[in-house]
Amino acid sequence: MTGDYQRIEQAIRFLSENFRQQPSLARVAAQVGLSEFHFQRLFRRWAGVSPKRFLQFLTAEYARSVLQASGSVLEAAWESGLSGGGRLHDLTVALHAATPGEIKSHGAGLTIRYGFHPTPFGEALIAATARGICALAFLQGSREEVLSKVRPPWKNAAFVPDQKATGALAERLFSREQQSGVPLVLHVQGTNFQIKVWQALLCLPAGSAATYGDIAAAIGTPGAARAVGSAIGQNPVAWLIPCHRVIRKTGILGEYRWGAMRKKAMLGWEAAQEEG
């Protein structure tokens, strides 16, 4: 799956950079070192739609239409306090903030189990305390590098590799099948403002989008879009706290902590699932 994603990201980058030329399927396939037949099959297996259709999900025009359509949906979601992933995977996610003591002690006395797992968007580190998932980070270098970035807030906790425990989480997080039952719980460290932003993000259903200003307004701080952007950039749990669904009001998708191409892949993948 991880190898598949590397080719998918390469194709998305090529399509994004050359969309005005409307490159043929054969040309895109050649860019990723596959035959036209194998590339088409790979892309459809991953996204569920053709590369051409996928590219339409990444245009500013499409993004603006999603923003406009999401307005009433998001307002209702925030007002009712709903969270989760809509039709994509019926997950309910509960966010528990770390206690002041846990923050001050940097997790002293806690055990954090972690593992590395393939996902539709490349290999990811998943880490969890007994209270919930405390980190989900996509690799942009070596495993050691990503682990070193996850450790600091919890530097006094005991980190224990446990592929079996985190593997069960990985299967649930990225399943296309609808899930039900016990909610997924997050255990994260953050300021009161960051926690509010992350809770608002949990109200964004799959296939929707919001602007930084929308999030600022939702948490009662209109005009704090820049501060919201900073809080989003500190999100420790990729995908589940869906900061990839926050885009600029112009329809430009913008940057992403785990890579701009990965953000495009996530948004397009979700749009394809919603269409299906």
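Since this is a predicted model, take the numbers as computed values, not measurements.

### With respect to the overall build of the protein chain
Then, number 1: Counting its secondary structure elements, the protein chain contains 12 helices and six strands.
Then, number 2: Counting every position in the protein chain, which comprises 276 residues, the buried fraction comes to 50%.
Then, number 3: For the protein chain, the computed accessible surface area is about 13000 Å², with 52% contributed by carbon and sulfur atoms.

### Things to note about unusual backbone geometry
Then, number 1: Despite not being glycine, His106 shows a phi value in the positive range, around 55°.
Then, number 2: Within the element layout of this structure, His106 appears in the loop between α6 (100-104) and β2 (111-117).
Then, number 3: A positive phi angle, close to 70°, is found at Trp239, a residue other than glycine.
Then, number 4: For Trp239, the position within the fold is in the loop between α11 (225-233) and α12 (260-275).

### Structural notes on the layout of surface pockets
Then, number 1: Estimates place the volume of the largest pocket at around 440 Å³.
Then, number 2: Mapped by element, the contributors of at least two residues to the lining of the largest pocket are β4 (132-138), α7 (143-150) and α9 (192-201).
Then, number 3: When grouped by side-chain class, the residues that make up the lining of the largest pocket number 12 nonpolar, eight polar and three charged.

### A closer look at the environment of Thr191
Then, number 1: On the secondary structure map, Thr191 appears in the loop between β6 (184-188) and α9.
Then, number 2: Between the C-alpha atoms of Thr191 and Ala98, which are 93 residues apart in sequence, the distance is 9.8 Å.

### As for the pattern of salt bridges
Then, number 1: One pass over the full model with this rule turns up seven salt bridges.
Then, number 2: The partner of Glu9 in a salt bridge is Arg13, and the shortest N-O contact between them spans 3.6 Å. Of this pair, Glu9 and Arg13 both sit in helix α1 (residues 2-18), four residues apart, roughly one helical turn.
Then, number 3: With its nearest N and O atoms 3.7 Å apart, the salt bridge here joins Arg64 to Glu61. With a gap of three residues between them, Arg64 and Glu61 both fall in helix α5 (residues 60-80), about one helical turn apart.
Then, number 4: In this structure Arg64 comes out as partly exposed when scored by relative accessible area, which is 38%.

### Side note on empty space enclosed by the protein
Then, number 1: By the definition in use, this model includes two cavities of 30 Å³ or more.
Then, number 2: Around the largest cavity, the lining is made up of 13 residues, and of these Phe57, Tyr62, Val66, Ala209 and Leu267 lie nearest the centre.
Then, number 3: At the level of secondary structure, the elements contributing two or more residues to the lining of the largest cavity comprise α5 and α12.
Then, number 4: Class assignment for the residues of the lining of the largest cavity results in 10 nonpolar, two polar and one charged.

### A few points about the nonpolar core
Then, number 1: Grouped together as the largest cluster of nonpolar side chains are 87 residues, with contacts concentrated most on Trp46, Phe121 and Leu201.
Then, number 2: Among the elements that line this core, the one with the most residues is α12, at seven residues.
Then, number 3: Residues within four places of Phe121 in sequence aside, it is in contact with Tyr5, Trp46, Phe138, Phe174, Trp239, Arg262, Ala265, Met266 and Trp269.

The rules behind each value
- Sequence order sets the numbering: in each chain, residues are counted from 1 along the sequence as written.
- Per-residue local features are limited, in this predicted model, to residues with pLDDT of at least 70; the limit for side-chain atom pairs, both in listing and counting, is 80 or more; totals at the level of whole chains, interfaces and linings are taken over all residues.
- The side-chain figures draw on all heavy atoms in the structure; neither hydrogens nor water molecules are used.
- Numbering of helices and strands runs from the N terminus, with a helix taken as a DSSP run of H or I at least four residues long and a strand as a DSSP run of E at least two residues long.
- Any residue under 20% of the maximum accessible area for its type is buried, any over 50% is exposed, and the rest in between are partly exposed; the area is computed with a 1.4 Å probe on protein chains only.
- For every accessible area listed, the method is Shrake-Rupley and the probe measures 1.4 Å; residues are considered covered only by the protein chains on display.
- Any residue with an atom within 4 Å of a point lines the site, the site being either a cavity, points on a 1 Å grid over the protein atoms alone where a 1.4 Å probe fits but cannot get out, or a pocket, an open set with protein on both sides within 12 Å along at least 5 of 7 lines.
- Grid points are joined across faces, edges and corners, and a volume is the space filled by probe spheres set on the points.
- Amino acid classes used here: Ala, Val, Leu, Ile, Met, Phe, Trp, Tyr, Cys and Pro are nonpolar; Asp, Glu, Lys and Arg are charged; the rest, including Gly, are polar.
- The rule for a salt bridge is simple: a side-chain nitrogen of Lys or Arg has to be within 4 Å of a carboxyl oxygen of Asp or Glu.
- The set of buried Ala, Val, Leu, Ile, Met, Phe, Trp, Tyr and Cys residues whose side-chain atoms join them within 4.5 Å is what this entry labels a nonpolar core.
- Throughout, a contact is declared for two residues whenever any of their heavy atoms are within 4.5 Å.

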